[in-house]
Amino acid sequence: MVSETSEKRLSIGIIGGGIGGVAFAVALSREPGLDVHLFEAAAQFSEIGAGVSFGPNAVRAIQLLGLEASYRRIADSSPAPFEDVWFEWRRGSDDGYLTASLAPGVGQSSVHRADFLQAIVAHLPEGIARFSKRCVEVTQDGEHATAHFADGTTFSADILIGYDGIKSAVRANVLPAEEYGEIAPFWSGTYAYRGMIPTAQLEEALEARGADRRLALVPQMYLGHDRHILTFPVKQSELINVVAFITDRSTANPQLPDGEEWVQAVTQEEMREVFEGWGGASQAILDCIAEPTRWALHELPELPRYHRDRVLIVGDAAHALVPHQGAGAGQALEDAQVLASLLNDEACDRQNAQRALAAFEEVRHARTCRVQRTSHEAGNVYEYAGEGIGDDEAKLIENLETRFEWLWNHDPQDDVVAARRVLGWERASSA
Ligand code: FAD
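Quick caveat: nothing in here was measured; it's all calculated off a predicted structure.

(A) A look at the sheet that holds strand β17 (residues 293–299). On the basis of which strands lie adjacent, the open sheet formed by 8 strands has the order β5-β4-β13-β14-β15-β12-β17-β16 and mixed pairing. The outermost strands of the open sheet, each flanked by one partner alone, are β5 (97–102) and β16 (263–265). Averaged over all pairs of adjacent strands, the angle between strand axes in this sheet comes to 20 degrees, irrespective of strand direction. Inspection of the sheet shows β16 paired to β17 by 3 bridges, in the antiparallel sense. The residue of β17 that forms the bridge with Gln264 is Arg294. Against the sheet, helix α12 (residues 353–382) engages β4 (85–91), β12 (186–198), β13 (220–224), β14 (227–234) and β17, with an angle of about 70 degrees to β13.

(B) The arrangement of the site of the ligand in detail. If you check the shell around the ligand, you find 31 residues, and the closest are Glu40, Ser53, Arg113, Asp316 and Ala329. For the ligand, a nitrogen atom lies 3.2 Å from a polar atom in the backbone of Ala41. Between an oxygen atom of the ligand and a main-chain N or O atom of Gly326, the distance comes to 3.2 Å. Protein chains bury 85% of the 1,000 Å² of accessible surface belonging to the ligand in isolation. Elements with a minimum of two residues in the shell around the ligand: α1 (19–29), β3 (51–54) and α11 (328–344).

(C) Main features of the pairing of β14. Most of β14 sits out of view: 7 of its 8 residues are buried. Where β13 folds back onto β14 in an antiparallel hairpin, the turn is made up of 2 residues, including Asp226, whose phi is positive at roughly 60 degrees. The pairing of β14 with strand β15 (residues 239–247) spans 8 bridges and is antiparallel. Within β15, the residue paired with Pro233 across the bridge is Ile240. Between β14 and the antiparallel strand that follows it, β15, lie 4 residues; Lys235 among them carries a positive phi value of about 60 degrees.

(D) Molecular detail of the nonpolar core. Within the largest apolar cluster, 81 residues are counted, with the highest numbers of intra-cluster contacts made by Phe24, Phe54, Phe116, Ile161 and Leu343. For Leu343, the contacting residues outside a window of four places in its chain are Arg9, Leu10, Ile12, Phe24, Leu28, Leu34, Ile159, Cys348, Ala356 and Leu357.

(E) Up close: α12. For α12, spanning 30 residues, the distance from its first C-alpha to its last is 42 Å, which sits close to the expected 44 Å at 1.5 Å a residue. Maximum bend of α12: about 45 degrees, positioned at Arg364. Residue Tyr384 follows α12 closely and has a positive phi angle near 60 degrees.

(F) Layout of empty space enclosed by the protein. Counting across every chain of the model gives 1 cavity of 30 Å³ or more. Lining the largest cavity are Gly55, Asn57, Ala58, Gln325, Gly326, Ala327, Gly330, Leu407 and Trp408. Among the secondary structure elements, those contributing two or more residues to the lining of the largest cavity are α2 (56–64) and α14 (405–408). Classifying every residue of the lining of the largest cavity gives 4 nonpolar, 5 polar and no charged.

(G) Inspection of the packing of aromatic side chains at higher detail. Counted under the stated rule, the structure contains 18 aromatic pairs. Residues Phe45 and Phe131 carry aromatic rings whose centres are separated by 4.8 Å and whose planes lie at 85 degrees to one another, so their mutual orientation is edge-to-face. Of this pair, Phe45 sits in the loop between β2 (34–39) and β3 while Phe131 sits in the loop between β7 (129–130) and β8 (135–140), placing them 86 residues apart in sequence. Across from the ring centre of Trp262, 4.3 Å away, lies the NZ or CZ of Lys167, which sits over that ring. If you follow Arg370 out to its NZ or CZ, it ends over the ring of Trp406, 3.8 Å from the centre.

(H) A look at the pattern of salt bridges. All told, the structure shown has 25 salt bridges when counted by the stated rule. The residue Glu31 makes a salt bridge to Arg9 at a minimum N-O spacing of 3.2 Å. Here Arg9 lies in the segment before β1 (10–15) and Glu31 lies in the loop between α1 and β2, a separation of 22 residues in the sequence. The salt bridge involving Arg249 is made with Asp226; its shortest N-O contact spans 2.8 Å. Remark: Asp226 occurs in the loop between β13 and β14 and Arg249 occurs in the loop between β15 and β16; sequence separation between them is 23 residues. For Asp226, a relative accessible area of 26% translates into the label partly exposed. Several salt bridges converge on common partners, so that one network encompasses Glu334, Asp335, Arg364, Arg367 and Asp415.

(I) Structural context of unusual backbone geometry. Here the residue pair Ala80 and Pro81 is connected by a cis peptide bond, since its omega of 0 degrees sits within 30 degrees of zero. For Pro81, the position within the fold is in the loop between α3 (68–74) and β4. Backbone geometry at Gln236 places phi at a positive 50 degrees, although glycine is not the residue there. Inspection of the secondary structure puts Gln236 in the loop between β14 and β15. Of note in this structure, Asp309 is not a glycine but carries a positive phi near 50 degrees. Tracing the sequence through the fold places Asp309 in the loop between β18 (307–308) and β19 (311–313).

The rules behind the values
Residues numbered from 1 in each chain as written. Predicted model: local features only at pLDDT ≥ 70, side-chain atom pairs only at ≥ 80, totals over all residues. Heavy atoms only, no water. Pairing = 2+ DSSP bridges. Helix = DSSP H or I, 4+ residues; strand = E, 2+ residues; numbered from the N terminus. Axes fitted to C-alpha atoms, helices over the stretch in contact; angles between N-to-C directions. Contact = heavy atoms within 4.5 Å. Near = heavy atom within 4 Å. Polar contact = N/O pair within 3.5 Å; in protein donor to acceptor, adjacent residues only side chain to side chain. Areas by Shrake-Rupley, 256 points an atom, 1.4 Å probe, with all protein chains shown as cover. Buried < 20%, exposed > 50% of the residue type's maximum accessible area, 1.4 Å probe, protein only. Core = buried A, V, L, I, M, F, W, Y, C linked by side-chain atoms within 4.5 Å. Expected span 1.5 Å × (residues − 1). Bend = angle between axes of the 7 residues up to and from the residue. 1 Å grid on protein atoms, 1.4 Å probe; cavity = no way out; pocket = protein on both sides within 12 Å on 5 of 7 lines; lining within 4 Å. Points joined across faces, edges and corners; volume = space filled by probe spheres on them. Nonpolar A, V, L, I, M, F, W, Y, C, P; charged D, E, K, R; others polar. Phe/Tyr/Trp six-rings, centres within 6.5 Å; stacked < 30°, edge-to-face > 60°. Lys NZ or Arg CZ within 6 Å of the ring centre and 35° of its normal. Salt bridge = Lys/Arg side-chain N within 4 Å of Asp/Glu carboxyl O.

None of the figures reported here should be taken as evidence of function without further support.
Written out as structure tokens, the structure is:
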């Protein structure tokens, strides 16, 4: 299977159709000069039924990707008069209010994952996506990059983009083990218990436990030693998304027991034991999750490179991180916006596309590594293990009020401008 490249200026293969890969394919599909193909391992596009929250930078990327109207139709925000609140921070032990992180104009912007994927898939023209195509290896030569699939077929294009998530198969071509050693995701030491609660049920449970019912709809974080719980609304406030975390900090390199699955169904009792002695609001939340799942949160080390010749990795394939800043999908969307702007530019063709991939890496690498690093640190801060902060509430409050500003106050369009400068395309038409 070789792409029909003759009449187009560039052919592009995308491996992986998660939130990042689909948003990227939609952005490329609007440019008639490109030949775009997306390959997804699953039999159809699919996402789990959990919530995903976006900071102002990610909402900006969604706008620039032309997906704002679809997003707004399904997105939740913090209810008035808390519109600007990203999260309120509370002591887990007694629900005591510490402070709020404010994101003016955006607040907490969140969606149900499956709804969001469906909303962006609706923009993807017929014929671009192919399913049950699990990439097992990528090779490249002077002319093409080739994806090899588990079903024995291959696909070649001018460039291949790996949007295939934390267990990426494309990554090995960019960072061959002979040169870089085995690069594998590692367990962060944190388990996340996840569940969804009908809002009315949580409001009643909060009241029954003597807590304020408004804690259901206003996004909350409950903090404690090596543990924290977060809640925010999704599905037009019908449901409350819950994630409850516990971290093993007893060793520098915590290991998952051999053969343990990353995601498991566990009992409510196990989850409740972890938060024994916590305040009424936390107890109310956990009361309502009868069948939690437990996720062993993995992340990638900061990678030395994302690009080699005709192949680039992006999204979680390049910079998978722990979810403590709600930033992973946002980075995948920023990547999509920046890369699509470069490839959609008429100045980009099969002769110089490799330089465009190199310029993308040059402008994105430091930021995405910093998001990985600070996401891990954020988990420490929330769980009273932040360096120089610990459980000192005054320091905690100061940190939580300001620590997200650099992340949120970023315009992906600035990365596009910077990459164009690297490429000498300042005067080229904009995407
Ligand atoms: P993925 O979503 O992992 O998609 C990869 C796609 O590639 C999948 O469709 C997969 O089937 C396909 N695929 C995989 N391997 C192959 C292959 N070999 N061949 C072909 N196809 C393949 N981020 C936020 O921004 N906000 C949040 O609130 C947030 N909360 C989170 C909470 C939890 C508990 C977790 C675990 C993560 C959270 N994240 C959040 C992070 C976010 O989920 C990821 O960063 C995001 O999904 C990455 O998108 P992606 O498209 O790069 O990869």
